[in-house]
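Now for the letters of each chain:
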Amino acid sequence: AEEPGDEEYNADTTYGVNIIINHRLNPAPAYSAKEYMTVLKPYVKAVHGKLEKSDAEGAALFKNGIPAVVKKLKAIWSDLVLYQGESEKDEDHGGMISFLNYRENGDPYMIFFKHGLLEEKV
C-alpha cells in the first residue's frame, strides 16, 4: 500500500493497515519467539478444547498443523509485528496474537490462526 504524499495527507483521515484499524487491533507485547511459545500453548489448548466439542476433524487438523505453522513463524519472527484485539490485553487470557508482515513490494499482510477466528455474517 502506498503512503500518500505530504500534500495529500488529510488530518481527518486515519492511515494504516485496514484490518488493524477496522478491528481495533493493538500492538501486542514484543515477545521473543521463545517467550511467545509460552503464550501460544494455553491458546492452542483452549482452541483445541472448543473445537473438540464442535468439530472433531477440525480439532485434529488444528492440533496436527500447529507445529508446521510455528516453524514458519519462527523462520520470519524478526520481520513480524504482533497485534492483539482490544479484549486481549490481559496476558493470562490466552487470546490470539495476530501477525503483520510486509511483502517485498511493501504490501502488508496479516497472519491469523483460522480455527481461532469467529465468523460473522454481515
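Below or above, wherever it landed, is the structure these notes cover.

Reading the values: rules and limits
Residues numbered from 1 in each chain as written. Predicted model: local features only at pLDDT ≥ 70, side-chain atom pairs only at ≥ 80, totals over all residues. Heavy atoms only, no water. Helix = DSSP H or I, 4+ residues; strand = E, 2+ residues; numbered from the N terminus. Buried < 20%, exposed > 50% of the residue type's maximum accessible area, 1.4 Å probe, protein only. Contact = heavy atoms within 4.5 Å. Areas by Shrake-Rupley, 256 points an atom, 1.4 Å probe, with all protein chains shown as cover. Phe/Tyr/Trp six-rings, centres within 6.5 Å; stacked < 30°, edge-to-face > 60°. Salt bridge = Lys/Arg side-chain N within 4 Å of Asp/Glu carboxyl O. Pairing = 2+ DSSP bridges. Axes fitted to C-alpha atoms, helices over the stretch in contact; angles between N-to-C directions. Parallel < 35°, antiparallel > 145°, perpendicular 65-115°, else oblique. Left-handed = near helix turned anticlockwise from the far one by under 90°. Nonpolar A, V, L, I, M, F, W, Y, C, P; charged D, E, K, R; others polar.

**Digging into the overall build of the protein chain**
Consideration 1: Looking only at helices and strands, one finds 3 helices and 4 strands in the protein chain.
Consideration 2: Ordered by position from N to C terminus, the α and β elements of the protein chain give α-β-α-α-β-β-β.
Consideration 3: Per-residue burial over the protein chain gives 31% buried out of 122 residues.
Consideration 4: If you take every contact in the protein chain between residues at least 6 apart in sequence, the share linking residues at least 24 apart comes to 54%.
Consideration 5: Total accessible area on the protein chain is roughly 9,100 Å²; 51% of this is exposed by carbon and sulfur atoms.

**Re the packing of aromatic side chains**
Consideration 1: For the structure shown, the criterion picks out 4 aromatic pairs.
Consideration 2: Between Tyr36 and Trp77 the ring centres are 5.3 Å apart and the planes differ by 35 degrees, which places this aromatic pair in the tilted class. You can see Tyr36 sitting in helix H2 (residues 33-54) and its partner Trp77 sitting in the loop between helix H3 (56-75) and strand S2 (81-84), a full 41 residues away along the chain. Taken as a pair, Tyr36 and Trp77 share a single burial class, namely buried.
Consideration 3: Aromatic pair Tyr43 and Phe113: ring centres 5.9 Å apart, planes at 45 degrees, arrangement tilted. Linking Tyr43 in helix H2 with Phe113 in the segment after strand S4 (108-111), this pair joins segments that are 70 residues apart in sequence.
Consideration 4: Take Phe113: its relative accessible area is 6%, and that puts it in the buried class.
Consideration 5: By the ring-pair criterion, three or more aromatic residues cluster together here, those being Tyr36, Trp77 and Phe99.

**Section: the pattern of salt bridges**
Should the charged atoms of two oppositely charged side chains come close, the side chains can pair.
Consideration 1: According to the stated counting rule, one finds 1 salt bridge in the structure shown.
Consideration 2: Glu119 serves as the salt-bridge partner of Lys121, at 3.6 Å between the closest nitrogen and oxygen.

**Re the sheet that holds S4**
Consideration 1: Spatially, the 4 strands line up as an open sheet ordered S1-S2-S3-S4, and their pairing is antiparallel. Of all strands in the sheet, those with a lone pairing partner are strand S1 (26-27) and S4, marking the two edges.
Consideration 2: One ladder, built from 2 bridges, connects S1 with S2; its direction is antiparallel. Looking at the pairing, Pro27 lines up with Tyr83 of S2.

**Here we look at the packing of H2 against H3**
Consideration 1: With their axes 8 Å apart at the nearest point, H2 and H3 run at an angle of 165 degrees to one another. It follows from the interaxial angle that H2 and H3 lie roughly antiparallel. Crossing hand, H2 versus H3: right-handed. Across the interface between the two elements, Ala33, Met37, Leu40, Val44, Val47, His48, Leu51, Glu52 and Ser54 of H2 pack against Ala56, Gly58, Ala59, Phe62, Lys63, Ile66, Val70 and Lys74 of H3.
Consideration 2: Of the residues contributing to the contact of H2 with H3, the split by class is 11 nonpolar, 3 polar and 3 charged.

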